[in-house]
Amino acid sequence: MSEEEIAIDDFTRVELRVAKILEASEIEGADRLLKLQIDLGSEKRQLVAGIKKSYAPEELVGKHIVVVANLKPARLRGEESQGMLLAAQTDDGPVLVSFDKEVPLGSVVK
């Protein structure tokens, strides 16, 4: 059992969507963060994600990821992050949540 249980109403408030990484780049002075330009199908956004330990920017372009689309924007290292990607935390660093088949951009993840 997890540390804190939530009600189904809490979970349904989180909007998980499929996005494609269009561009990825380093952020000057940041040792864990990368800046990502993503496509949600209906709109493009910028994310800042702590995945630099596991991924070089060039290997991220074209990947389909899962994004929390209705998270309030935040500023990290002077860059605006308009959502959050999902990744598993391992001893070797974060591992992106991905798909084994092609999924349309913007699809809802339930």
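What you see is a predicted model, and the numbers here were worked out from it, not measured in a lab. The residue numbering used here restarts from 1 in each chain and proceeds along that chain's sequence as written. It should be noted that, the model being predicted, local features are given only for residues of pLDDT at least 70 and side-chain atom pairs only at 80 or more, the latter also being counted only at that level, while totals for whole chains, interfaces and linings use all residues. Where side-chain values are given, they derive from all heavy atoms of the structure, hydrogens and water being excluded.

Asker: Outline a negative patch on the surface, supporting the account with residue identities and numerical values.
Answerer: Like-charged residues are merged into a patch within 9 Å and nonpolar side chains (Val, Leu, Ile, Met, Phe, Trp, Tyr) within 5 Å, provided each residue has over 30% relative accessible area and no salt bridge. Note that accessible areas follow from Shrake-Rupley with a 1.4 Å probe, and for residues the cover is restricted to the protein chains shown. The salt bridge criterion pairs a side-chain nitrogen of Lys or Arg with a carboxyl oxygen of Asp or Glu, the two atoms within 4 Å. As used throughout, the charge tally considers Lys and Arg to be positive and Asp and Glu to be negative, leaving His and the chain termini uncounted. A charge is said to be at NZ when it belongs to Lys, at CZ for Arg, at CG for Asp and at CD for Glu. Residues Glu3, Glu4, Asp9 and Asp10 make up a contiguous surface patch of negative charge. Tracing the chain through its elements places Glu3 in the segment before α1 (8–12). Accessibility here uses a 1.4 Å probe with only protein chains present; expressed as a share of the type maximum, an area under 20% marks a residue as buried, one over 50% as exposed, and anything in between as partly exposed. Given a relative accessible area of 86%, Glu3 falls into the exposed group. Helix and strand assignments follow DSSP, with helices taken as H or I runs no shorter than four residues and strands as E runs no shorter than two, numbered in order from the N terminus.

Asker: Requested: an account of the nonpolar core, with residues and values cited.
Answerer: We call a set of buried Ala, Val, Leu, Ile, Met, Phe, Trp, Tyr and Cys residues a nonpolar core when their side-chain atoms join them within 4.5 Å. Core analysis: the biggest nonpolar cluster contains 16 residues, and Leu36, Ile38, Ile51, Leu60, Ile65 and Leu85 have the highest contact counts within it. Counting residues per element, the ones that place at least two in this core are β1 (16–26), β2 (34–39), β3 (44–49) and β4 (64–68). We call two residues in contact when some of their heavy atoms are within 4.5 Å. Among residues more than four places away in sequence, those in contact with Ile65 are Arg17, Val18, Ala19, Ile21, Ile38, Leu47, Leu85, Leu96, Val97 and Phe99.

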